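Residues per chain are reported as follows:
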2 protein chains.
Amino acid sequence: MLSRMIIMVIISTVLMSPYALLLRADKNDELLEQAMQIFGSLPDAMLSEKNPITSEKIKLGKILFYETRISIDGTVSCARCHPVALYGADGLNKSRGNDCKINPRNAPTVFNAAAQISAHWIGNRTGVEDQARQSLIGPASFGMPSYEAAEKRLKELGYTNLFKAAFHGERNPVTADNFAKAIGCFERTLVTPAPVDAYLKGENRALSEQQNRGLKTFIETGCNSCHFGAYFGGQMFQKFGVNEPYWKYTKSKTIDDGRFEVTKIEADRYVFKVPVLRNVEKTSPYFHDGSVDNLGEAVRIMGKAQLGTDLADSQVKEIVLFFGSLTGIISEQALIIPLLP
Amino acid sequence: MLSRMIIMVIISTVLMSPYALLLRADKNDELLEQAMQIFGSLPDAMLSEKNPITSEKIKLGKILFYETRISIDGTVSCARCHPVALYGADGLNKSRGNDCKINPRNAPTVFNAAAQISAHWIGNRTGVEDQARQSLIGPASFGMPSYEAAEKRLKELGYTNLFKAAFHGERNPVTADNFAKAIGCFERTLVTPAPVDAYLKGENRALSEQQNRGLKTFIETGCNSCHFGAYFGGQMFQKFGVNEPYWKYTKSKTIDDGRFEVTKIEADRYVFKVPVLRNVEKTSPYFHDGSVDNLGEAVRIMGKAQLGTDLADSQVKEIVLFFGSLTGIISEQALIIPLLP
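Because the structure is a prediction, the values reported are computed rather than measured.

**Notes on helix H9 (residues 176-187) of chain B**
All names here are of chain B.
So, point 1. The end-to-end C-alpha distance of H9 is 16 Å, a good match for the 16 Å that 12 residues give at a rise of 1.5 Å each.
So, point 2. Within H9, 10 of the 12 residues are buried, which leaves it mostly tucked inside the rest of the structure.
So, point 3. Regarding H9, the residues found buried are Ala176, Asn178, Phe179, Ala180, Ala182, Ile183, Gly184, Cys185, Phe186 and Glu187.
So, point 4. Summarising the contacts, the buried residues of H9 are in contact with helix H4 (55-65), helix H5 (78-81), helix H6 (128-137), helix H7 (147-156) and helix H8 (160-166).

**Concerning helix H4 (residues 55-65) of chain A**
Residues and elements named next belong to chain A.
So, point 1. Counting buried residues along H4, 8 of its 11 residues qualify, which places the element largely inside the surrounding structure.
So, point 2. Residues of H4 that are buried: Lys57, Ile58, Leu60, Gly61, Lys62, Ile63, Leu64 and Phe65.
So, point 3. Tucked into the core, H4 has its buried residues touching helix H5 (78-81), helix H7 (147-156), helix H8 (160-166), helix H9 (176-187) and helix H15 (332-335).

**Some points on the nonpolar core**
So, point 1. Grouped together as the largest cluster of nonpolar side chains are 83 residues, with contacts concentrated most on A:Leu64, A:Tyr159, A:Phe163, B:Leu60, B:Leu64, B:Tyr159 and B:Phe163.
So, point 2. Ignoring sequence-local partners within four residues, the contact set of B:Leu64 consists of B:Cys78, B:Leu154, B:Tyr159, B:Phe163, B:Phe179, B:Ala182 and B:Ile183.
So, point 3. Grouped together as the second largest cluster of nonpolar side chains are 37 residues, A:Ile38, A:Val196, A:Leu207 and A:Leu326 included.

**Here we look at the packing of aromatic side chains**
So, point 1. According to the stated counting rule, one finds 36 aromatic pairs over all chains in the structure shown.
So, point 2. Centroid distance B:Phe240 to B:Phe272: 6.5 Å. Interplanar angle 85 degrees. Geometry classified as edge-to-face. Of the two residues, B:Phe240 sits in the loop between strand S1 (237-239) and helix H12 (260-263) while B:Phe272 sits in strand S2 (residues 271-273), which places them 32 residues apart along the sequence.
So, point 3. Since its relative accessible area comes to 5%, B:Phe272 is described here as buried.
So, point 4. Here the aromatic residues A:Phe240, A:Tyr246, A:Trp247, A:Tyr270, A:Phe272 and A:Phe287 are joined through ring pairs into a cluster of three or more.

**Re the packing of helix H13 (residues 295-307) of chain B against helix H14 (residues 313-324) of chain B**
Residues and elements named next belong to chain B.
So, point 1. The interhelical angle for the contact between H13 and H14, taken along N-to-C directions, is 115 degrees, at an axis separation of 9 Å. The handedness of the crossing between H13 and H14 is right-handed. Across from Leu295, Gly296, Val299 and Arg300 in H13, the residues of H14 making contact are Asp313, Val316, Ile319, Val320 and Phe323.
So, point 2. Its residues assigned to classes, the contact of H13 with H14 shows 6 nonpolar, 1 polar and 2 charged.

**Comments concerning unusual backbone geometry**
So, point 1. Cis geometry marks the peptide bond from A:Ser284 to A:Pro285; its omega dihedral reads 0 degrees.
So, point 2. Position of A:Pro285 relative to the elements: it lies in the loop between strand S2 (271-273) and helix H13 (295-307).
So, point 3. Here A:Phe232, not a glycine, exhibits a phi torsion of approximately 55 degrees, which is positive.
So, point 4. Looking at where A:Phe232 falls in the secondary structure, it is placed in the loop between helix H11 (209-220) and strand S1 (237-239).
So, point 5. Take A:Phe232: its relative accessible area is 0%, and that puts it in the buried class.
So, point 6. In the Ramachandran plot, B:Phe287 falls in the positive-phi region, its phi being about 75 degrees despite a non-glycine side chain.

**Some points on the environment of B:Ser208**
Residues and elements named next belong to chain B.
So, point 1. Checked against the element boundaries, Ser208 lands in the loop between helix H10 (195-200) and helix H11 (209-220).
So, point 2. A relative accessible area of 36% places Ser208 in the partly exposed class.
So, point 3. C-alpha separation for the pair Ser208 and Ser325, spaced 117 residues apart in sequence, amounts to 9.0 Å.

**Topic: the interface of chain B and chain A**
So, point 1. Contact with chain B, which involves 26 residues of that partner, is made by 26 residues of chain A.
So, point 2. For the pair chain B and chain A, the two sides together bury roughly 2100 Å², of which 70% comes from carbon and sulfur.
So, point 3. Where chain B touches chain A, the interface holds 0 salt bridges.
So, point 4. Our enumeration of links across chain B and chain A arrives at 4 residue pairs in polar contact (both at pLDDT 80 or more).
So, point 5. Across the side of chain B that touches chain A, the residue classes tally to 16 nonpolar, 3 polar and 7 charged.

**Some thoughts on the relation of the copies chain B and chain A**
Comparison of the two chain copies shows a relationship of rotation about an axis with a shift along it.
So, point 1. For the pair chain B and chain A, the best superposition has an RMSD of 0.0 Å and corresponds to a rotation of 180 degrees with a translation of 0.0 Å parallel to the axis. When the rotation and shift are considered jointly, the pair of chain copies conforms to a two-fold rotation axis. Rotation axis and chain B: the residue whose C-alpha lies nearest the axis is B:Ile336, separated from it by 2.3 Å.
So, point 2. Of the residues that chain B buries at the interface, 100% are likewise interface residues in chain A, meaning the two copies contact each other through the same surface.

The rules behind the values
Residues numbered from 1 in each chain as written. Chains lettered and ligands numbered in written order. Predicted model: local features only at pLDDT ≥ 70, side-chain atom pairs only at ≥ 80, totals over all residues. Heavy atoms only, no water. Helix = DSSP H or I, 4+ residues; strand = E, 2+ residues; numbered from the N terminus. Expected span 1.5 Å × (residues − 1). Buried < 20%, exposed > 50% of the residue type's maximum accessible area, 1.4 Å probe, protein only. Contact = heavy atoms within 4.5 Å. Core = buried A, V, L, I, M, F, W, Y, C linked by side-chain atoms within 4.5 Å. Phe/Tyr/Trp six-rings, centres within 6.5 Å; stacked < 30°, edge-to-face > 60°. Axes fitted to C-alpha atoms, helices over the stretch in contact; angles between N-to-C directions. Left-handed = near helix turned anticlockwise from the far one by under 90°. Nonpolar A, V, L, I, M, F, W, Y, C, P; charged D, E, K, R; others polar. Buried area = accessible area lost by both parts, 1.4 Å probe. Salt bridge = Lys/Arg side-chain N within 4 Å of Asp/Glu carboxyl O. Polar contact = N/O pair within 3.5 Å; in protein donor to acceptor, adjacent residues only side chain to side chain. Least-squares fit on C-alpha atoms with pLDDT ≥ 70 in both.

Here's what the structure looks like:
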């Protein structure tokens, strides 16, 4: 009772203080208002009506995320290409799957992934659940010969009871679909609140002066025309190399047709999903082929290839510093390794 | 003061109770006394005068344990072959290193490893530090061309300050030796207290009746003549296949000369380090070549190949149940994934 009174007094004092006035003044800040409109606010989890979050599914999904024995050669788990220690991306240009097979593109981070229009770069996975399911039989990922073989393996590994608990009432719960739902459920919790979110809630001083200038440049030059929304991207497809082919700017070793591979529509040639920028400073290398290691260089290339702009060195530096404010906190739950059955 | 008094009263009450009498009676139990003498008690950490444990070294070592980018192709970290989720062993017959190269032998668990006479199966690594250091340039592990190249890579990855903090006062702390010391330090904390330890402290009922019988058989048949000490093994080398060649019993695909490879002494042919049995039910497949998946089968093979005994089905079952009491608790510290620089 006493402690509650003390807290009330503290709150009242703060609300009456010049600090509070400043806070309110911040809310009127033009850049902040603009940013709030463009980026909105980060939810606590990335919900889906098709795959409601339950603690049992999260628990199972998190265990399965670390399961290597479900891959044909026993070396690949979700965590192999999406290690939490490296912010959910593996640092390779292109991930290695079973038997060292090279995946066609760079592994996007698994954090903040579930809210995007699709998983992967070219929209050939409808979402995180579809990505998890298809990884089971992906020739360069888990490489299992069929979903049936994967289901059999899951049963042999002793997963039946965990699936029963997560998919209560289903007669035969150990299915590739439920594997996908469980992992998807876990991934739907992987949001990473960052300093920029404090800013977007009105706390202007959550960004440094340079980061503030970086954000201003980010918006003024039009980066946000693709990298918008709470995840700073992931909401649309866009041609890489608007005026000139992208490989004139990157260090790409091969030419990737992008979304054309999926749709066979000429307009989709060299079109890729716009990646999210949350935690971008932690998830090099960059682009669909991981051809660029340095974040500043990636920003400069984006300026040229997408916006037709030669960004000044100071602008590049400030944008990169601004990206620092997108580096978020990984939840304790995501950081604790589960023990497998 | 008051609470201390209450505790004293509780302790006195317990000491005077029939429960305490029972506890003391347990201590007189012949099997328990015998087990205490054979296995002793588990320490909190596996100390080394050459590499004293400090929190800074543990912190760095734990981060390095997850660092894949130190391997030549960016796919191998310590955690790849020693995943905590699988009790520190990867479930493969033989681990895959960089570029999918196959290691010569099964990866032993990293838990309770630091107290053994050597690391690896044939004594070609003097201990966990030596194992960590040599892994940097091991052709089938990290595959770096030289220690210098590994040190350069560590600096590029931004490790200098962490090494400075862990090896305070050293002019050039980013060395392969210090990499080894840091990882070794982390590994020296990886002990896994288990139900058997409660038993070895005198709590007879920590083992079930069947486990008790399993332990009895374990000792009576002489398993403990090799698997002794607090880790139930790891303290000596022994010929695999005392009377007949081991491959008559296992499913080995090739013949491994064992420690002969190191010493070139004929008596060391087919000699291997006796593995620890802590967490053995979690670390299949078994033997130096991972040729046997089933723990019961491994026990039966040991009986035949090492003791010349045909264990009865019930004995095998009880020994396997006893091994359940060796499955320990992994510390919270070891379960939390560190974020890399």
